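Remarks on the overall topology
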Amino acid sequence: MSNSDQGVVEQWLASHQPARIAGFDLQPVAHPLLPDTPQRIVKGQAAVYFLKDQHDNIWLLKKFTLSRRPTDAYLEQVSKLLPGRASFFTCTQRRILCSDHLDYSYSNYRNHELSDWLTGTILMPKVPGSPWATIADALRENDLKMSLPERLRAALSLAECVQHLEDGGCSHRDLSPGNIFISEDQHVYPIDLDSLYHRE
């Protein structure tokens, strides 16, 4: 992910102004240790920026590396193929953005660089919970306790997610510990479904 990409979001963060994007008033979240830097995760083919709305709900803005970005047609088809179940809400509610999604009429923050930068990004709500990778580390270090019934609930929830995908002829293709989020009530939310495979 280029420095210019991060610079666009840094300018937005420094403005302390929300931008009206796809009907939501959103602002970047600052890194907890670096207040002038947007909080983001760079992973594989994309960088994911953390945003918050006026109610402090957290949203994610996914910006692909240009050479590794799937086509719009593929990304739109992924959203249509996903099961309409609670575990997949973040993907079924996501929006593939273009420059017109920055609403200049109602936005406090207006910036043509941001408008252009938004093209091809994906906006989606953040799932609750923590990744299994983080939970597993905490269990190994005895920083977290998880009873057998809680582990079984999480395992059953994951199995149901996989079953729902397979019932629709889909495969996630990357159910790694970082892509499986588990909520406090042991409900599983798979993320990063942009490499979804469908048999057709």
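Quick note: structure is the one above.
Everything numeric in this text was worked out from a predicted model, so none of it was measured.

If you trace the three strands from one edge of the open sheet to the other, you get E8-E10-E11, paired in antiparallel fashion. The open sheet terminates on both sides in strands that have one partner only, identified here as strand E8 (130-131) and strand E11 (188-190). As paired elements, strand E10 (residues 180-182) and E11 share three bridges and run antiparallel to each other. Paired with Ile 180 across the strands is Pro 190, a residue of E11. Here helix H6 (residues 148-167) sits on the sheet and contacts E10 and E11; the angle it forms with E11, its principal contact strand, is near 40°.

Turning our attention to the side chain of Asp 53. Along the polypeptide, Asp 53 turns up in the loop between strand E4 (46-52) and strand E5 (58-64). For the buried Asp 53, which has no salt bridge, the nearest side chain bearing the opposite charge is Lys 52, at an N-O separation of 9.1 Å. Side-chain polar atoms of Asp 53 contact the backbone nitrogen of His 55, separated by 2.8 Å. For Asp 53, the contacting residues outside a window of four places in its chain are Asp 25, Leu 26 and Trp 59.

Membership of the largest hydrophobic core comes to 19 residues, with the highest contact counts inside it found for Trp 12, Ile 21, Leu 61, Leu 114, Trp 117, Leu 118 and Leu 123. Secondary structure elements with two or more residues in this core: helix H1 (3-15), strand E1 (19-21), E4, E5 and helix H4 (112-117). Beyond its immediate sequence surroundings of up to four residues, Trp 117 is in contact with Asp 5, Val 8, Val 9, Tyr 49, Leu 61 and Lys 63. The next biggest cluster of nonpolar side chains, apart from the first, holds 16 residues, and it includes Phe 88, Cys 91, Met 146 and Val 188.

To describe a pair of aromatic rings, one takes the distance between the centres and the angle between the planes. Under the defined criterion, the tally for this structure stands at four aromatic pairs. Their ring planes at 10° and their centres at 6.4 Å tell us that Trp 12 and Tyr 109 sit as a pair that is stacked. Here the residue Trp 12 occupies a position in helix H1, and Tyr 109 occupies one in the loop between strand E6 (95-96) and H4, the gap between them amounting to 97 residues. The class for Trp 12 is buried, based on a relative accessible area of 0%. Relative to Trp 59, the ring of Phe 24 has its centre 4.5 Å away and its plane inclined at 45°; by these criteria the two rings are tilted. Here Phe 24, found in strand E2 (residues 24-28), pairs with Trp 59, found in strand E5; they are 35 residues apart in sequence, far enough to count as distant.

Cut-offs applied
- Residues numbered from 1 in each chain as written.
- Predicted model: local features only at pLDDT ≥ 70, side-chain atom pairs only at ≥ 80, totals over all residues.
- Heavy atoms only, no water.
- Pairing = 2+ DSSP bridges.
- Helix = DSSP H or I, 4+ residues; strand = E, 2+ residues; numbered from the N terminus.
- Contact = heavy atoms within 4.5 Å.
- Axes fitted to C-alpha atoms, helices over the stretch in contact; angles between N-to-C directions.
- Buried < 20%, exposed > 50% of the residue type's maximum accessible area, 1.4 Å probe, protein only.
- Lys, Arg positive; Asp, Glu negative; His and termini not counted.
- Salt bridge = Lys/Arg side-chain N within 4 Å of Asp/Glu carboxyl O.
- Polar contact = N/O pair within 3.5 Å; in protein donor to acceptor, adjacent residues only side chain to side chain.
- Core = buried A, V, L, I, M, F, W, Y, C linked by side-chain atoms within 4.5 Å.
- Phe/Tyr/Trp six-rings, centres within 6.5 Å; stacked < 30°, edge-to-face > 60°.

Treat this as a map of the structure, not an account of what it does.
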